[in-house]
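Below are the chains, spelled out letter by letter.
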Amino acid sequence: MGGKPRVGARTDQKRFWLMKSEPDVFGIDDLQRVGQEPWDGVRNYQARNFMRDKMQIGDRVLFYHSNAKPPGIAGIAEVATESYPDPTQFDPNNKYYDPKSSEEAPRWMLVDVRFVKKFKSLLPLQEVRDNPALATMALVQKGSRLSIQPVTESEWSTLMDILD
DNA sequence: GCCAACGTTGGC
DNA sequence: GCCAACGTTGGC
């Protein structure tokens, strides 16, 4: 009964994430319009590692608007692909070009994200700060700037109760 | 536009 | 391996 414990298996564990984007550059409306988009331009190792090592197709993503008025959580996306090399790192004309990377040994990996929904109203950062059940979120930790963050299941369900 | 907090780079 | 200088993030 039960079989072997699936040590290291990550097949059926739900995972949740938060990904930041500036709506002036690429917001939830843009994602809705295009449907699916490569999450390119990430040049932070911790954020890259989440995409490369931890994300699975179907993981749910909070789409966060940074540098916005107000900043906040705007909608939901999902991980749409396995990770693969970010093509912008190879293009000398691209602002995300990385001369230290190569096609043989790519440094930066990304996933595509797919639109799921846009909330009827954005949940402002201030309301996340004000909610004790969300105090654990990386988003509201002092000094936290990571553009891709894991979200716990309890944080996720708290948010889903608030958001529509 | 300001600037605190971080991450990265590169000289030593 | 240290750490100062520099660049970036992102709220305000």
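Anything mentioned here points back to the structure above.
Along each chain, the written sequence defines residue order, and numbers are assigned to residues from 1. The lettering of chains begins at A and the numbering of ligands begins at 1, in the order of writing. Whole-chain, interface and lining totals are the exception, using all residues; otherwise, since this is a predicted model, local features are given only for residues with pLDDT of at least 70 and side-chain atom pairs are given and counted only at 80 or more. Neither water nor hydrogens contribute to the side-chain values; these are computed over all heavy atoms in the structure.

Caption draft 1: How the structure looks around the overall build of chain A. A helix here means a DSSP run of H or I that spans at least four residues, while a strand means a run of E at least two residues long, and both kinds are numbered starting from the N terminus. In terms of regular secondary structure, chain A is built from 5 helices and 8 strands. Put simply, chain A runs from its N terminus to its C terminus through helices and strands in the order β-α-α-β-α-β-β-β-β-β-α-β-α. Taken over the C-alpha atoms alone, chain A extends approximately 55 × 45 × 30 Å along its principal axes. Accessibility here uses a 1.4 Å probe with only protein chains present; expressed as a share of the type maximum, an area under 20% marks a residue as buried, one over 50% as exposed, and anything in between as partly exposed. A total of 164 residues make up chain A; the buried ones form 42% of that total. Contacts are assigned to residue pairs with any non-hydrogen atoms lying within 4.5 Å of each other. In chain A, 73% of the contacts between residues at least 6 apart in sequence involve partners at least 24 apart. Working definition of accessibility: Shrake-Rupley area with a 1.4 Å probe, residue cover restricted to the visible protein chains. Entry remark: accessible area of chain A is about 9,600 Å², with carbon and sulfur atoms responsible for 48%. Counting 23 positive and 23 negative side-chain charges, chain A places the centres of these two groups 4 Å from one another. The charged-residue count follows a simple rule in which Lys and Arg add positive charge and Asp and Glu add negative charge, with His and chain termini not counted at all. Here the site of a charge means NZ on Lys, CZ on Arg, CG on Asp, or CD on Glu.

Caption draft 2: Quick look at the protein's contact with DNA strand B. Residues in close proximity to DNA strand B include Tyr45, Lys100, Lys142, Gly143 and Arg145, which together make up its full environment. One heavy atom within 4 Å of a molecule or strand is enough for the residue carrying it to be called near that molecule or strand. Each atom of DNA strand B within 4 Å of the protein was assigned to sugar, phosphate or base; sugar and phosphate come to 67%. Here a polar contact is taken to be a pair of N or O atoms separated by no more than 3.5 Å, where protein atoms must pair a possible hydrogen donor with a possible acceptor and residues adjacent in sequence count only if both atoms sit in side chains. Between lysine 142 and DNA strand B, the recorded distance is 3.0 Å, taken from a side-chain N or O atom to a phosphate oxygen. At a separation of 2.9 Å, a base oxygen of DNA strand B approaches a polar side-chain atom of arginine 145. Classification used: nonpolar for Ala, Val, Leu, Ile, Met, Phe, Trp, Tyr, Cys and Pro, charged for Asp, Glu, Lys and Arg, polar for all others including Gly. When the residues that make up the surface near DNA strand B are grouped by side-chain class, the tally is 1 nonpolar, 1 polar and 3 charged.

Caption draft 3: Structural view of the environment of glycine 143. Examined against the element boundaries, glycine 143 turns out to sit in the loop between helix H4 (125–130) and strand E8 (148–151). Under the relative-accessibility criterion, glycine 143 is labelled exposed at 70%. Linking glycine 143 and glutamine 126, residues 17 residues apart in sequence, is a C-alpha distance of 15 Å.

Caption draft 4: Highlighting the environment of serine 102. Within the fold, serine 102 resides in the loop between strand E5 (84–85) and strand E6 (109–110). Remark: the alpha-carbon pair of serine 102 and phenylalanine 90, spanning 12 residues in sequence, is separated by 6.6 Å. Within the structure, the side chain of serine 102 is placed 3.0 Å from the backbone nitrogen of alanine 105, a separation counted as a polar contact.

Caption draft 5: Seen up close, the protein's contact with DNA strand C. Every residue near DNA strand C is listed here: Lys20, Tyr64, Ser66, Asn67, Pro71, Leu125, Arg129 and Arg145. Counting only the atoms of DNA strand C that lie within 4 Å of the protein, the sugar and phosphate share comes to 72%. Here asparagine 67 contributes a backbone N or O atom positioned 3.0 Å from a phosphate oxygen of DNA strand C. Among the residues forming the surface near DNA strand C, the class breakdown is 3 nonpolar, 2 polar and 3 charged.

Caption draft 6: A look at the nonpolar core. Judged by nonpolar contacts, the single largest core of 22 residues is most densely connected at Met19, Leu31, Trp39, Met51, Met55, Val113 and Ile148. Mapped onto this core, the elements with two or more residues apiece are strand E1 (16–21), helix H2 (28–34), helix H3 (45–54), strand E3 (60–65), strand E4 (72–79) and strand E7 (112–124). Residues belong to a common nonpolar core when they are buried Ala, Val, Leu, Ile, Met, Phe, Trp, Tyr or Cys residues joined through side-chain atoms within 4.5 Å. Grouped together as the second largest cluster of nonpolar side chains are 18 residues, Leu123, Leu125, Leu134 and Leu139 included.

Caption draft 7: Quick look at the pattern of salt bridges. Think of a salt bridge as a Lys or Arg side-chain nitrogen and an Asp or Glu carboxyl oxygen that are within 4 Å of each other. Going through the model one piece at a time under the given rule, you end up with 8 salt bridges. The shortest N-O distance in the salt bridge between aspartate 53 and arginine 52 comes to 2.8 Å. Judged by its relative accessible area of 34%, arginine 52 is partly exposed. Bridged by salt links that share partners, the residues Arg60, Glu78 and Arg114 form one connected network.

Caption draft 8: Quick look at the sheet that holds E4. The 6 strands are arranged E2-E7-E4-E3-E1-E8 in an open sheet whose pairing can be described as mixed. Each edge of the open sheet is held by one strand with a lone partner, namely strand E2 (36–38) and E8. Sheet twist, expressed as the mean angle between neighbouring strand axes with direction ignored, is 35°. Pairing between strands is defined by DSSP: at least two bridges between them are needed. Across 6 bridges, the pairing between E1 and E3 is parallel. Residue pairing for E3: leucine 18 is matched across the bridge by leucine 62. All axes here are fitted lines through C-alpha atoms, helices being fitted over the stretch that makes contact, and every angle between N-to-C directions spans 0 to 180 degrees.

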